[in-house]
Amino acid sequence: MKRSFHGLTVFLLFLMLVVIVPGHLAAQGCCSVGASSLSGFESGVQTYRSLSLSLNYQFNSLTQAYQGTSNVEDPLMRTAEVAYLAFQAEYGLTQGVSLLASVYFSDKNREITVVSGQGIGQFPETAKFRASGMGDISLLVKYQVARATVTGPFGLALGAGASLPTGSSSEEQGGARLSIDLQPGTGAATLIAWGYSEYSLVESGLTFFAGAMYRYAGMNFDSYRIGDEIMTNLGSRKSIGEFFSVSLILRSRYAMKDFAENRFLIGTGGTYHDLMPGVGYGDGPSAARVFAQIPLYRNVRGIQMTSTYLLGAEYRYTFDFSGGE
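Computed from a predicted structure; not experimentally measured.

## Thoughts on the packing of aromatic side chains
The tally for this structure, following the rule as stated, stands at seven aromatic pairs. Residues Tyr84 and Tyr104 carry aromatic rings whose centres are separated by 5.8 Å and whose planes lie at 75° to one another, so their mutual orientation is edge-to-face. Separated by 20 residues along the polypeptide, Tyr84 in strand E3 (residues 79–94) and Tyr104 in strand E4 (residues 97–116) bring together distant segments of the chain. Using a relative accessible area of 6% as the deciding quantity, one classes Tyr84 as buried. Of the aromatic side chains, those joined through ring pairs into one cluster are Phe243, Phe244 and Tyr281. If you follow Arg225 out to its NZ or CZ, it ends over the ring of Tyr216, 4.4 Å from the centre.

Listed below in structure tokens is the structure:
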């Protein structure tokens, strides 16, 4: 009983860190680099001598403009669509330590409409921009501080890693460089700090979990630096029968403003809160999940495009090489 109470106390402290610490930062918007939800960053350490492979697809539609907390009419009548296909592999190196490798491919589209002429001679002109390709590769080493069991329902894992600038950040269209948020990659190395905690009630099939990831990006060759970013998750998952589960996650994203040309850039700061319902299916080594992301709150700097909705699906297969050990 003492052990369970101690685990619950640590879990609640971790929740406080996830909720309170990021409140002083603000998030980057529009077609930002990187997918919104990747399972390897949202789960604990892979078991020893097992390999988990997963594919994650996401489609993000951006049709709303915000200024501060207000939904406004975008003067450029911008719209955007972003599709991600991410591949992840995680292997249990030793007891309590695993290595996660992640890479994604993106296809980003943006339209800008400008009205030309005056009076009855007015007519809209629409410009379309597109960039696609492989993004940056991320590597993360996870360490299991405490593993959830039947007798000890609290689990805690910490990790550190980096993203390598493997994706292009110099795509052009019509002889002009596309903006950084349309580029497949960032062009800069990024340091990552990560944490994940859960509290499981085995008998009821209910799990509460919290996670946080901090990203510190370096400056690329164009002297552009994407603002520091924190992503947090607070959620619960409930097993239904032998194979199905449902989940509900409060997703928050925070980041400082981007920096370029010796100044912080207007239109690159804000805070996003989203609700993510999902349904999962698991049968032995196979697991699948579908999910959606619904906007709850936006508070951005300048006028920015924000996500109207996001839909995603994931499939994961785990190989066990332990030989029954």
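## Some points on the sheet that holds strand E12 (residues 224–225)
Judged by pairing direction, the sheet is antiparallel, and its three strands sit side by side in the order E12-E15-E16 without closing on themselves. Strands with a single pairing partner mark the edges of an open sheet, and in this sheet they are E12 and strand E16 (263–264). Pairing of strand E15 (residues 259–260) with E16 involves two bridges; the strand directions are antiparallel. Its bridge partner lying in E16, Phe259 is registered against Phe264.

## Side note on the environment of Asp181
Counting through the fold element by element, Asp181 comes out in the loop between strand E9 (176–177) and strand E10 (190–201). Each C-alpha atom of the pair Asp181 and Ala131 lies 9.9 Å from the other, and the pair is 50 residues apart in sequence. Within the structure, Asp181 has its side chain in polar contact with the side chain of Arg110 (distance 2.7 Å).

## A look at the pairing of strand E14 (residues 244–255)
For strand E13 (residues 229–240) and E14, the ladder comprises 12 bridges, and the chain directions are antiparallel. Directly across from Met231, in E14, lies its bridge partner Arg253. As consecutive antiparallel partners, E13 and E14 are separated by three residues, and within that stretch Gly241 has a phi angle of approximately 70°, a positive value. Examined bridge by bridge, E14 and strand E17 (residues 270–283) share 12 bridges and lie antiparallel to one another. Across the sheet, Tyr254 pairs through a bridge with Thr271, a residue of E17.

## Regarding the nonpolar core
If you look at the biggest cluster of nonpolar residues, it comprises 14 residues, and the most contacted ones within it are Phe41, Leu140, Trp194 and Met213. If you list the elements that add at least two residues to this core, you get E10, strand E11 (206–217) and strand E18 (286–320). The element best represented in this core is E10, accounting for three residues. With near-sequence residues (within four places) excluded, Leu140 lies in contact with Phe41, Ser98, Leu99, Leu100, Gly159, Ala160, Gly161, Ile192 and Trp194.

## Some remarks on unusual backbone geometry
Outside of glycine, negative phi angles account for most residues, and trans bonds account for most peptide bonds. At Arg49, a position not held by glycine, the phi torsion is positive, near 60°. One can find Arg49 in the loop between helix H1 (2–20) and strand E1 (50–68). Residue Arg49 is classed as partly exposed on the basis of its relative accessible area of 26%. Here Met77, not a glycine, exhibits a phi torsion of approximately 50°, which is positive. Of note, Met77 is situated in the loop between strand E2 (70–72) and E3. Using a relative accessible area of 37% as the deciding quantity, one classes Met77 as partly exposed.

## Let's talk about the confidence of the model for the protein chain
On average, residues of the protein chain carry a pLDDT of 86, and 85% of them reach 70 or more. In this model residues 23–29 is a low-confidence stretch, pLDDT under 50, and it forms 30 contacts with partners more than four residues away in sequence or in other chains.

What counts and how
- Residues numbered from 1 in each chain as written.
- Predicted model: local features only at pLDDT ≥ 70, side-chain atom pairs only at ≥ 80, totals over all residues.
- Heavy atoms only, no water.
- Phe/Tyr/Trp six-rings, centres within 6.5 Å; stacked < 30°, edge-to-face > 60°.
- Helix = DSSP H or I, 4+ residues; strand = E, 2+ residues; numbered from the N terminus.
- Buried < 20%, exposed > 50% of the residue type's maximum accessible area, 1.4 Å probe, protein only.
- Lys NZ or Arg CZ within 6 Å of the ring centre and 35° of its normal.
- Pairing = 2+ DSSP bridges.
- Polar contact = N/O pair within 3.5 Å; in protein donor to acceptor, adjacent residues only side chain to side chain.
- Core = buried A, V, L, I, M, F, W, Y, C linked by side-chain atoms within 4.5 Å.
- Contact = heavy atoms within 4.5 Å.
- pLDDT = per-residue confidence, 0-100.

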